[in-house]
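Residues per chain are reported as follows:
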Amino acid sequence: MVNTGSCLCGGVKYEVIGPLRPVVYCHCEQCRKTSGHHVAASSAPRNKVKIKGKLRWYASSKTARRGFCPTCGGNLFWDGPGENISIMAGTLDNADINAIGHIFVADKAAYVDICDGLPQAAQDDETITTMVKPTR
Ligand SMILES: [Zn+2]
Ligand SMILES: [Zn+2]
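Described below are features of the structure shown in this document. Bear in mind that the values here come from a model prediction, so they are computed numbers and not experimental data.

Below, the discussion takes up the sheet that holds strand β2 (residues 12-17). Strands belonging to one sheet form pairs held by backbone hydrogen bonds; the direction of such a pair is parallel or antiparallel. Spatially, the three strands line up as an open sheet ordered β1-β2-β5, and their pairing is antiparallel. Since the sheet does not close on itself, it has two edges, and those belong to β1 (2-6) and β5 (49-53), each with one partner. Along the sheet, successive strands turn relative to each other by an average axial angle of 15°, direction set aside.

To continue, consider the coordination of the zinc ion (ligand 1). Six octahedral donors around a metal ideally subtend angles of 90 or 180 degrees, whereas four tetrahedral donors ideally subtend 109.5 degrees. Protein-derived coordination of the zinc ion (ligand 1) comes from Cys 7 (SG), Cys 9 (SG), Cys 69 (SG) and Cys 72 (SG), at a distance range of 2.3 to 2.4 Å. Coordination at the zinc ion (ligand 1) is tetrahedral, judged from the four donor atoms that bind it and the angles of 105 to 116° they form at the metal. Ordering the donors of the zinc ion (ligand 1) by residue number gives the pattern C-x1-C-x59-C-x2-C. Taken together, the residues Cys 9 in the loop between β1 and β2 and Cys 72 in the loop between β7 (65-68) and β8 (75-79) connect sequence positions 63 residues apart. Looking at Cys 9, the relative accessible area reads 41%, which means it is partly exposed.

So, on to the pairing of β1. Summarising the sheet, β1 and β2 pair through five bridges and their orientation is antiparallel. Opposite Val 2, over in β2, you have Ile 17 as the bridge partner. In this structure, the hairpin formed by β1 and β2 is closed by a connection of five residues, where Gly 10 is found at a positive phi of approximately 85°.

Moving on, we get to the sheet that holds strand β4 (residues 39-45). An order of β6-β7-β8-β9-β4-β3-β10 is seen for the seven strands of this open sheet, with the pairing classed as mixed. Where the open sheet ends on each side, the last strands, each with one partner, are β6 (56-59) and β10 (99-103). Neighbouring strand axes in the sheet, compared pairwise and without regard to direction, differ in orientation by 30° on average. Inspection of the sheet shows strand β3 (residues 23-26) paired to β4 by three bridges, in the antiparallel sense. Bridge pairing links Cys 26 to Val 39 in β4.

Tracing the sequence through the fold places Arg 21 in the loop between β2 and β3. An unpaired buried charge is present at Arg 21: no salt bridge exists, and Asp 124, the closest side chain of opposite charge, is 7.8 Å distant. Separated by 2.6 Å, the side chain of Arg 21 and the backbone oxygen of Ala 41 make a polar contact. A polar atom in the side chain of Arg 21 sits 3.1 Å from the backbone oxygen of Thr 129. In this structure Arg 21 touches Ala 41, Ser 42, Ser 43, Ile 97, Thr 129 and Met 131, once residues within four positions along its chain are discounted.

Cut-offs applied
Here, residues in each chain are numbered from 1, in the same order as that chain's written sequence. Working convention: letters from A go to chains and numbers from 1 go to ligands, in the order in which they are written. Selection of residues for local features in this predicted model requires a pLDDT of at least 70, selection of side-chain atom pairs for listing and counting requires 80 or more, and totals for whole chains, interfaces and linings are taken over all residues. Computation of side-chain values: all heavy atoms of the structure, hydrogens and water removed. In this scheme, strands are said to pair when DSSP sees at least two bridges between them. Secondary structure counts use DSSP, requiring at least four H or I residues in a row for a helix and at least two E residues in a row for a strand, with both numbered from the N terminus. What counts as an axis is a line fitted to C-alpha atoms, over the stretch in contact for a helix, and the angles between N-to-C directions run from 0 to 180 degrees. Ligating atoms shown are N, O and S within 2.8 Å of the metal, or 3.2 Å for Na, K and Ca, and water is not included, meaning a site may look less than complete. Any site counts as irregular unless it has four donors with all angles between 85 and 135 degrees, making it tetrahedral, or four or six donors with opposite ones more than 155 degrees apart and the rest between 65 and 115, making it square planar or octahedral. Accessible area is worked out with a 1.4 Å probe on protein chains only. A residue is then buried under 20% of its type maximum, exposed over 50%, and partly exposed in between. Only four residue types enter the tally: Lys and Arg on the positive side, Asp and Glu on the negative side, with His and both chain ends excluded. Salt bridges are defined as contacts in which a side-chain nitrogen from Lys or Arg sits within 4 Å of a carboxyl oxygen from Asp or Glu. Any pair of N or O atoms that falls within 3.5 Å is considered a polar contact. Within protein, one atom must be able to donate a hydrogen and the other to accept it, and sequence-neighbouring residues count only if both atoms are side-chain atoms. Only heavy atoms matter for contacts: two residues are in contact if any of them lie within 4.5 Å across the pair.

Here it is as structure tokens:
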């Protein structure tokens, strides 16, 4: 199984070999500030993600960096501790994946009403971020 993705202008493209984790919504302040909303992220083992093009990295904390396209500004990756790299789900080309939950809900924007019935965690939550199958 190979999934593909890109930024808006196509200056950065990538391939993911093998399965993608279902989508987790992250409502943390960093995700809000970098995306303009909350983030919907899949993920995959770092060594299964082949990135081509002029991706740039921004060190968003001491332990993580965010990958973006310097031409169109598209947000593509969050690369932090652990073996997986997060992939912004909207940049995937028609990947067949479901969403599994919300993290950092304590930081969510006031205008966001979560009404999808998926599990919610106030902060980070490994039971959500390591799920491999949708809950419904
Ligand atoms: Zn671009
Ligand atoms: Zn976040």
